[in-house]
Amino acid sequence: NCKYTIVDLPQTLIFSFIHLSLCFPDKKILFVTNEEEALHINNNYDIILLPPIFMNYLKGKKYDVFINCASMGEMNNTTIRKYMYFIQNDIKIETLFTLNRFLNTVDDNLISLRINQNECSVLYDDKWNILSWEVEPIYCRCPYIDATHARYVEIIASRPEKQLTNDEKVNKSTELLQD
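Everything numeric in this text was worked out from a predicted model, so none of it was measured.

I'd like a rundown of the overall build of the protein chain, residues and numbers included.
Tallying secondary structure elements over the protein chain gives four helices and seven strands in all. For the protein chain, the α and β elements follow one another from N to C terminus as β-α-β-α-β-β-α-β-β-β-α. The dimensions of the protein chain, computed from C-alpha atoms along their principal axes, are 50 × 45 × 30 Å. A buried classification covers 32% of the 179 residues belonging to the protein chain.

Please provide a residue-by-residue account of the nonpolar core, values included.
Ranked by internal contacts, the top residues of the largest apolar core, which has 28 residues, are V32, M72, I87 and L96. Every element with two or more residues in this core is listed here: β3 (47-50), β4 (62-69), α3 (77-90), β5 (92-101) and β7 (152-158). Ranked by the residues each element gives to this core, the list is headed by α3, at five residues. Ignoring anything within four residues of it in the chain, the contact list for I87 reads F66, M72, I93, L96 and W128.

Reading guide: rules and limits
- Sequence order as written defines residue numbering, which begins from 1 separately in each chain.
- Local features in a predicted model are, by the rule used here, given only for residues with pLDDT of at least 70; side-chain atom pairs are given and counted only at 80 or more, and totals for whole chains, interfaces and linings are based on all residues.
- Only hydrogens and water are removed before side-chain values are computed, so all heavy atoms of the structure are retained for them.
- Helix and strand definitions here come from DSSP, where helices need a minimum of 4 consecutive H or I residues and strands a minimum of 2 consecutive E residues; each element is numbered from the N-terminal end.
- Partly exposed describes any residue whose relative accessible area lies between the buried limit of under 20% and the exposed limit of over 50%, with all areas from a 1.4 Å probe on protein chains only and scaled to the type maximum.
- Working definition of a nonpolar core: buried Ala, Val, Leu, Ile, Met, Phe, Trp, Tyr and Cys residues. They are joined through side-chain atoms within 4.5 Å.
- Residue contacts are counted whenever heavy atoms from the two residues lie within 4.5 Å of one another.

See the structure below:
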């Protein structure tokens, strides 16, 4: 009985639409392609497929879980900042799971496309309660060779209704640093 909203590139959403329609033929799916359809984002649909151009129609909505895996690291820092602002200020998220690049390796001897794509794992504001985090979680490691790809960080966090005081935030930060 879960409801899903998937925000992705239109080209990718086509594959999601086909796959989900085949797997869940009884589910009511809305693939938003214009503003008129975006106005109908409500509880009447089980699955909403939404291109980023229509994200503003999600403002004020509440989500139990937000998941982002390996896509913010493909964005430039300006775009990452816009997404993180939206996630932290325009929608209400109870629990968050992200897995994105962490501190991209930049090699001066190579042309690095990743030099301006480093902020996706460091823009969390102080309202998150970090439940768990791990650099290079085991499922991202290659057991055979030392990979040359960027490191990833997994972050699991909650967004509690009651916010911590500044002193509590300092204490929590100290605990996390010691951990």
